Amino acid sequence: MQSNYIEFTKKGVVQFKSENIDCNNLAPMEVILETETSIISAGTELARLYALEKEVTFPFRPGYGCIGRIVKKGSGIKNFNVGDRVFYAGKHASVQRFLHGEEHQWCYLFPVPEEIDAVHAAVACMAQIAITAPNITKIRLGDSVVVFGLGTVGILAALMYKMKGANVIGVDPVKERCIAAEKAGVDTVVDVESKKQVDIIMQMTKGKGADVAVDAVGHTGVIKNCIQSTAVCGQVILLGSPRVPFETDANDIFWDIHIKNITVRGAHMWQFPVRVDRGNAFSVEWNYDTIFKLIRNHKLPVDKIISHVIKPEKAPDAYAGLYHNPLEYLCVVIDWR
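Just so we're clear, the structure is a prediction, and the values are computed from it rather than from any experiment.

**A closer look at the sheet that holds strand β13 (residues 263-266)**
Argument step 1. Overall, parallel pairing links the six strands, which are arranged β10-β9-β8-β11-β12-β13 in an open sheet. This sheet does not close on itself; its edge strands, each paired only once, are β10 (188-190) and β13. Strand-to-strand twist across the sheet, computed as the mean angle between neighbouring axes with direction ignored, equals 20°.
Argument step 2. Two strands pair when backbone bridges link them, and strand β12 (residues 230-238) and β13 are joined in this way by four bridges, in the parallel orientation. Bridge pairing in β13 places Leu238 opposite Gly266.

Written as C-alpha cells, this is what we have:
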C-alpha cells in the first residue's frame with residue numbers, strides 16, 4: 001500500500017514524502033493501520049526537530065498520537081478485529097506497520113469509541129499526558145492549584161484539576177494562550193511575564209502561596225517559579241520535561257523546598273502500567289478509557305483547544321508555526337483522510 005509520511009530530513013527541516021508499505025508476512029502481533037488523524041507534540045517533536053535532544057540523528061521519522069483503523073492483522077491479535085478503530089503511538093504516516101502488545105504504552109493499541117470525531121480523539125494523547133498530574137496529586141476540595149504554562153497539556157491538566165474540585169489558576173506569559181484556556185473552561189487565567197508570576201500568585205493567594213503548583217512547560221526557570229509560589233507543606237508537580245539549559249543559584253531552589261517542607265513529584269506518564277491490573281490504582285488503559293468518556297460526554301472540551309487542523313502536505317508550515325509563532329499555533333492535528 002502507498003503511504004504518505006512526514007520526515008525531519010535535517011535540523012529544522014520538515015518534508016512530506018511517500019513510500020510503499022509491504023503488507024505481507026506480518027508478525028503474529030503486528031497490524032497494518034490506516035491513519036485518520038495524528039497530533040503534533042509541540043514539546044517532544046519540536047525538541048527533536050531542532051536537536052534539543054542530543055541523541056536525535058537525522059533523517060528522523062516523527063510521530064506521536066494517532067487515530068486509525070486496522071486493515072490487516074497478524075495471527076496473534078485476539079482482542080482486536082480488522083476494521084476496529086484504535087489509538088496508537090505511531091508515526092505521522094497515512095499507512096504503517098505497528099507491533100502491538102509489548103509492555104509499553106508506545107507499543108500498544110487502545111480502542112476508540114466510534115462516536116468521537118477523529119480530530120477530537122487525537123487530543124486524547126495529550127490528555128493522557130496531562131492526566132498524570134492530577135492522578136498523582138494529593139488534593140482536597142477547594143485546594144488552590146496553579147498551572148504554569150497553558151499549552152495543550154497545561155490547559156488539559158488545569159481542566160482536570162478543576163474536575164477534582166480545585167480552585168485552578170492558569171498562568172502563561174502569552175495572552176492568546178490564556179484566552180484559549182479561558183474559552184476551554186479554566187476559570188482564572190493570568191497573562192504575565194515570568195519575572196512577575198510569583199508576586200501575582202502570592203497576591204492572589206493572600207500571601208499563602210498555592211497548595212499545588214504545576215510546571216506544564218518543562219523549563220527549570222518555570223520550576224523555580226513553581227517552588228517560590230508554593231505554600232508551606234505544599235506540592236510541586238513536574239509535568240513538563242525540562243530540556244532547556246538554565247543557569248541559577250540552586251541554593252535558592254533547595255532552600256525554599258527545605259524551609260517550606262515542599263514535596264516535589266515527577267509526573268511522567270511512563271510511571272503507570274499499560275493494562276488494568278489488580279492492585280494498580282491507575283493504568284494507561286484506564287486513562288484512555290476515562291479520557292474518551294470525558295471527550296464523548298463533552299466534559300473535556302478538546303475542540304476549544306485545537307487551533308489548526310491541517311492536511312499532511314502543510315506539516316512544514318505547522319511545525320514552523322508551533323516553533324516561531326506560539327501566539328497563533330497552540331494545538332495542531334493532521335487529518336490524513
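**Structural notes on the nonpolar core**
Argument step 1. Core analysis: the biggest nonpolar cluster contains 63 residues, and Ile155, Leu156, Tyr161, Leu239 and Leu300 have the highest contact counts within it.
Argument step 2. Where this core is concerned, the elements lending two or more residues are α2 (118-122), α3 (124-130), α4 (132-136), β8 (144-148), α5 (152-163), α6 (175-184), β11 (210-215) and α10 (284-296).
Argument step 3. Membership of the second largest hydrophobic core comes to 17 residues, among which are Val171, Val192, Val222 and Ile262.

**Focus on helix α8 (residues 220-229)**
Argument step 1. Burial analysis of α8 places eight of its ten residues in the buried class, which makes it a mostly covered element.
Argument step 2. Here α8 has its buried residues at Gly221, Val222, Ile223, Lys224, Asn225, Cys226, Ile227 and Ser229.
Argument step 3. Buried residues along α8 sit in contact with β8, α7 (194-204), β11, β12 and α9 (250-259).

**Thoughts on the side chain of Ser38**
Argument step 1. If you trace the backbone, Ser38 turns up in strand β3 (residues 30-39).
Argument step 2. Within the structure, Ser38 has its side chain in polar contact with the side chain of Trp336 (distance 2.9 Å).

**A closer look at unusual backbone geometry**
Argument step 1. Cis geometry marks the peptide bond from Phe58 to Pro59, where omega comes out at 0°.
Argument step 2. Within the secondary structure, Pro59 is located in the loop between α1 (44-49) and β4 (65-73).
Argument step 3. Of note, the phi angle at Ala51 is positive, near 55°, even though the residue is not glycine.
Argument step 4. With respect to the helices and strands, the residue Ala51 is situated in the loop between α1 and β4.

**Things to note about the pairing of β11**
Argument step 1. With six of its six residues buried, β11 lies for the most part within the structure.
Argument step 2. The pairing of β11 with β12 spans five bridges and is classified as parallel. If you follow Asp215 over to β12, its bridge partner there is Leu238.

**Comments concerning helix α11 (residues 315-324)**
Argument step 1. The set of residues buried in α11 consists of Ala315, Ala318, Tyr319, Gly321 and Leu322. Axial view of α11: buried residues confined to an arc of 160°, hence all on one face.
Argument step 2. Residues of α11 that are buried sit in contact with β1 (2-10), β2 (13-20), α1, β14 (308-310) and β15 (332-335).

About the criteria used
Residue positions within a chain follow its written sequence, with the count starting from 1. The predicted origin of the model limits local features to residues at a pLDDT of at least 70 and limits the giving and counting of side-chain atom pairs to 80 or more, whereas totals for whole chains, interfaces and linings rest on all residues. Note that the side-chain values use all heavy atoms of the structure and ignore hydrogens as well as water. Strands pair, by our definition, only if DSSP identifies at least two bridges between them. Here a helix means four or more residues in a row that DSSP labels H or I, a strand means two or more in a row labelled E, and each is numbered from the N terminus. Between N-to-C directions, angles cover 0 to 180 degrees, with each direction set by a line fitted to C-alpha atoms, over the stretch in contact for helices. Only buried residues count toward a nonpolar core. Its members are Ala, Val, Leu, Ile, Met, Phe, Trp, Tyr and Cys residues joined through side-chain atoms within 4.5 Å. Residue burial is assigned from relative accessible area. The probe radius is 1.4 Å, only protein chains are included, and a residue is buried under 20% of its type maximum, exposed over 50%, and partly exposed in between. Any two residues whose heavy atoms approach within 4.5 Å at even a single point are treated as in contact. N or O atoms within 3.5 Å of each other form a polar contact, as long as, within protein, one can give a hydrogen and the other can take it, and as long as residues adjacent in sequence are counted only when both atoms are side-chain atoms. Note: the arc covers the axis-to-C-beta directions of the helix.

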